[in-house]
Amino acid sequence: MIELGSTILFAGLPAVEQARLLAELQELSLPAGAVVFHKGDPGDALYIVRSGLAESRTGAGGPGAAILGFFEPGNNFGEMALLNDEPRSATVIALTDVELWMLPRARFERLVRETPGVSLALARLLSDRLRASAQRVSRMHREFDLAAEEKYAALSPDQQRFLRRTAPLDPVPVELAARALDGVDAGHVLQELASQVPFVSPDGHAVYRYHSLFRELLLDKLRAELSEGERQTWLSELGETAGAMGEIGLAVCLLAEAGRVTEAVHLAVSRGKALLEAGRLDEVDTLLSTLPSTIDTALGSLADLRAELLVARGHPADAVEVLEEAMHRDSAVDGPGNGDGAMESDSAAEGGGRLLRARRLAELSFQLGRTREGRRWLREAGASDAGGDAIDDVATLPVAPSAFSGLMTLASLSGLRRASTAAGALGGRGVSRPLGITLSVLFLFFFLLAPPPPTLSLPAFRALGVLVAALPLVVFSVLADHLVALLMLVAWAGLGLVPVRTALAGFATSGWFLVLGVLGVGVALARTGLLYRLVLALIERVPARHVPLTLTLVAAGLIFSPVMPNATGRTALAAPLVPELAGALGYTPRSRGSAVLGMAVLLGFGQLCSLFLTGSSSGLLVHSLLPVASRARFGWGYWFVAALPLHVVMFALTYVVMLLALRPEAASMRSRETVRAQRRILGPMTRAEYIATAILVLLLIAFVLGPPLKLDPAWAAVLAMVVLGAANVLDANGFKSGINWAFLIFFGAMLSLGDVFRTLGVDAWLAGAAAAPLTPLVKSPTLFLIAVGVMGYVLNLVVRWQAACVLMTLVLVPVTSPLGIEPWVIGITALVTTNMWFLPYQSTIYQALYYGTEERAFTHKQVQPIALAYGVACLVGLAVSVPFWRAMGLMP
Ligand code: CMP
């Protein structure tokens, strides 16, 4: 049996790609004589022969069918239907027992799109097939010509002349032939010819048709018989006769062939208009599609006709495209030196045509709500100024005046949308975007015009306003996150609210560099194939079912957490595992199964980090803020025990909701055989993999030794990336396109947010304002903790985790300590409740996962219920922990 690397299509793929692909191929065995598919079946997969022999046949593949091709091991078939989106072009039959691989259509398409090597191999294969067909056709052509010449020679001179003269007709109406060849009984002649020559056959009532190859032969003979001038005259005569008889399609072709292109076009257009008015749209289609290739339908009045046909079919936007192209092309054709190339060189008429076309474009643009374009076309159509006259003109357009103001508003918004789409950065849809923009502008004005509260300075108030105005842009997906983040930086620095140095402070933190380093290392690991090797090892050992798999991921994250105290960096490092694992289990991107894997990584590597003192830098920070006595009491072990019930509840509830909400589809069971085959393809570890492994191990050691040695893990991570770069394991391309720079920009801006707010005192003000209403609740510990939790959620909407948990601890501990509540209880409550991800922008951990999986693991919408469940689970966890903490003497 053949390996994937020996197939024509996939031989050039890198080993990792082959191993990944193998996971998605389905195996199929068929006995000799079985039909793989029939001609006309829908095309849903590509087939690759692993062993045995198959052949493609014309038609249903029955006894009379011709053989088109053989497929032996390594060959593929069934690609044509996938490429041209049509039914199967032939029947394929197994000649011997065959083993096949089936590659589903969606994966095939992705492969072709993403892998130039596969596209190239496919193109080569098809051109080989085309060449073979061409050779076969030319052989057939020669044989045909011999046979046709023989038949032709056997006819009488009159019959021969009749055939030559009527050859330009396709088909040949008896009446038309009779009129053109005065005095000949065309009906009789054709009937006789049909009985003598197999290439002449009746085609409906009083119409005959010549075989296309025979017709070509006859046309050659006509050319030999007549001079060019005489031939054109004859074609003209035929065309006029056809026109007079109402055979417009034929007439247009004949006139065009006779060199009378302008008349042909006029005839086609006037016929087309009449058909259009009569509502016979299909006939207009036929008319347009049978025009000879010498007539360009993208130009002049034919373009107008096509546009009107599109309008009549309810596609005005397509019509606008056609008309715009015509405008563009016509002006190019009208240019110097091209004059005689214009089909309608009557420039006065065409000038008028342009005017009408511009007006039509204006009408359609307004109908589509594209006000700006509408005005531009009106201007082109002659209205001198777009402000006054154009608007007057608009009133005469077929748009209800009352609807017009609404259209204008919509149009300006949609204009904005198009402009931004062109910038290539947007994700929002429908009405949500205008809503986001409106809210953002309203907030901005409010914060610019309203006076600040007495305890907040004006710059602080405005800096807060910038954030509040930015939120709707993110929440309603008006702009990509990183663009909103940049806008915020511009506003803070540009409005002079804080020094530039402060606005950009986040980019000058070691946290930013840690994530940069980790992302770079992650790209290198994925590209070498090491990560895929790891995934294979995992699925060889763990049953391919959700519960064991996700629990394994969570456990891996929890083991990793205490040794690498940066949750965002850790999650970023684990993120590329998700698409690899999903692919290996046969999940399509963003499927429910893939989302579940993503969520397991989020929980294990990110969200549950506060279970450990060293699970996150925020945890370490909160610990360092506790009074000396608390700090001494809460060492690593004590912290773990005290935090355990809270985290068990948080995990259990979220996990159950995750499985219920996402209901993952079953993983396609990989046989051990397949995994072994995948391993075989990967072969022994490569040099790049060895280097990547060594670097990864060293990096992990640096992470573990970091805290006790006071070594910042950021520098280890950046150094690791540099070494991988120097060894060319992370090449320039991986550095440029593999690392998610958009996320890094967003991340840096979010880090800056903390500095900006701290400098201006916004953070303390917010925390103070939130703490005030809590004080009366202190009497009921459970209620109080839940209220603190809710405060955390609210604070987390505007202040990111690392700052919010510190703030809450600082503000609340002085209030609660005298009441006998252990400061750590406040600290851990703050830690878990300010680490939410209800909204994607809230959490850099969540963002690191989302972008680290190249947005392939899940959609925001898919996981929103899980985020909510997580929020509720935190509160339940706090309530459950109260008696436990009381028993430990941490609460009164
Ligand atoms: P598809 O059209 O999807 O299904 C029938 C398959 O037969 C087709 O893809 C090709 O893979 C194969 N096939 C069709 N025509 C030829 C040909 N002329 N020579 C070889 N193979 C062919």
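Just so it is clear, the model here is predicted, and its values are computed rather than measured.

What counts and how
Residues numbered from 1 in each chain as written. Predicted model: local features only at pLDDT ≥ 70, side-chain atom pairs only at ≥ 80, totals over all residues. Heavy atoms only, no water. Near = heavy atom within 4 Å. Polar contact = N/O pair within 3.5 Å; in protein donor to acceptor, adjacent residues only side chain to side chain. Areas by Shrake-Rupley, 256 points an atom, 1.4 Å probe, with all protein chains shown as cover. Axes fitted to C-alpha atoms, helices over the stretch in contact; angles between N-to-C directions. Helix = DSSP H or I, 4+ residues; strand = E, 2+ residues; numbered from the N terminus. Left-handed = near helix turned anticlockwise from the far one by under 90°. Contact = heavy atoms within 4.5 Å. Nonpolar A, V, L, I, M, F, W, Y, C, P; charged D, E, K, R; others polar. Expected span 1.5 Å × (residues − 1). Buried < 20%, exposed > 50% of the residue type's maximum accessible area, 1.4 Å probe, protein only. Core = buried A, V, L, I, M, F, W, Y, C linked by side-chain atoms within 4.5 Å. Pairing = 2+ DSSP bridges. Phe/Tyr/Trp six-rings, centres within 6.5 Å; stacked < 30°, edge-to-face > 60°. Lys NZ or Arg CZ within 6 Å of the ring centre and 35° of its normal. pLDDT = per-residue confidence, 0-100.

**Observations concerning the site of the ligand**
The ligand sits among 14 residues. The nearest are Gly-78, Glu-79, Ala-81, Arg-88 and Ser-89. A distance of 3.3 Å separates a nitrogen atom of the ligand from a polar atom in the backbone of Leu-68. In the environment of the ligand, an oxygen atom lies 3.4 Å from a nitrogen or oxygen atom belonging to the backbone of Met-80. The protein chains hide 92% of the 460 Å² of surface that the ligand would expose on its own.

**Quick word on the packing of helix α27 (residues 577-584) against helix α28 (residues 592-606)**
Contact geometry for α27 and α28: axes closest at 9 Å, N-to-C directions at 145°. In the crossing of α27 with α28, the sense of the turn from one axis to the other is right-handed. Residues Val-578, Leu-581 and Ala-582 of α27 form the contact with α28, whose participating residues are Ser-594, Leu-597, Gly-598 and Val-601. Residues belonging to the contact of α27 with α28 are distributed by class as follows: five nonpolar, two polar and no charged.

**Section: helix α19 (residues 432-449)**
With 18 residues, α19 ought to run about 26 Å at 1.5 Å a step, and its terminal C-alpha atoms sit 26 Å apart, in line with that. Listed in full, the buried residues belonging to α19 are Arg-433, Pro-434, Gly-436, Ile-437, Ser-440 and Phe-447.

**Overview of the environment of Val-189**
Locating Val-189 in the fold gives a position in helix α7 (residues 186-196). Given a relative accessible area of 17%, Val-189 falls into the buried group. Those residues in contact with Val-189 that lie beyond four places of it in its chain are Phe-162 and Val-184.

**Notes on the nonpolar core**
Judged by nonpolar contacts, the single largest core of 194 residues is most densely connected at Phe-10, Trp-492, Phe-757, Trp-824 and Trp-885. Apart from residues no more than four positions distant in its own chain, Trp-885 is found in contact with Ala-642, Leu-646, Leu-785, Trp-824, Val-825, Ile-828, Leu-878, Leu-890 and Met-891. Residues Leu-163, Ala-167, Leu-213 and Leu-218 belong to the second largest nonpolar core, which totals 38 residues.

**Some remarks on the sheet that holds strand β3 (residues 45-51)**
The antiparallel open sheet is built from four strands, whose spatial order is β1-β8-β3-β6. Edge positions in the open sheet fall to β1 (26-30) and β6 (76-77), since each of these has one partner strand only. The pairing of β3 with β6 spans two bridges and is classified as antiparallel. The residue bridging Tyr-47 from the neighbouring strand is Phe-77, located in β6.

**Details of the packing of aromatic side chains**
Going through the model one piece at a time under the given rule, you end up with 27 aromatic pairs. Pairing Trp-512 with Phe-513 gives two aromatic rings, centres 5.1 Å apart and planes at 80°, and the pair type is edge-to-face. By the ring-pair criterion, three or more aromatic residues cluster together here, those being Trp-837, Tyr-846, Tyr-850, Tyr-851, Phe-858 and Tyr-870. The ring of Phe-37 carries the charged tip of Arg-88 above its face, separated from the ring centre by 4.0 Å. The cationic tip of Arg-376 hangs over the ring face of Trp-377; the distance from NZ or CZ to the ring centre is 4.9 Å.

**Points about the confidence of the model for the protein**
The share of residues in the protein with pLDDT of 70 or more is 91%, and the mean pLDDT across the chain is 84. This stretch, residues 334-348, has a pLDDT under 50; its non-local contacts, to residues over four places away or in other chains, come to 18 contacts. Confidence over residues 384-430 falls short of pLDDT 50; this stretch has 58 contacts with residues more than four positions distant or in other chains.

**A look at the pairing of strand β8 (residues 98-104)**
With five of seven residues buried, β8 lies mostly within the body of the structure. Here six bridges tie β3 to β8, and the two strands are oriented antiparallel to one another. In the sheet register, Leu-46 faces β8, and the bridge partner there is Leu-103.

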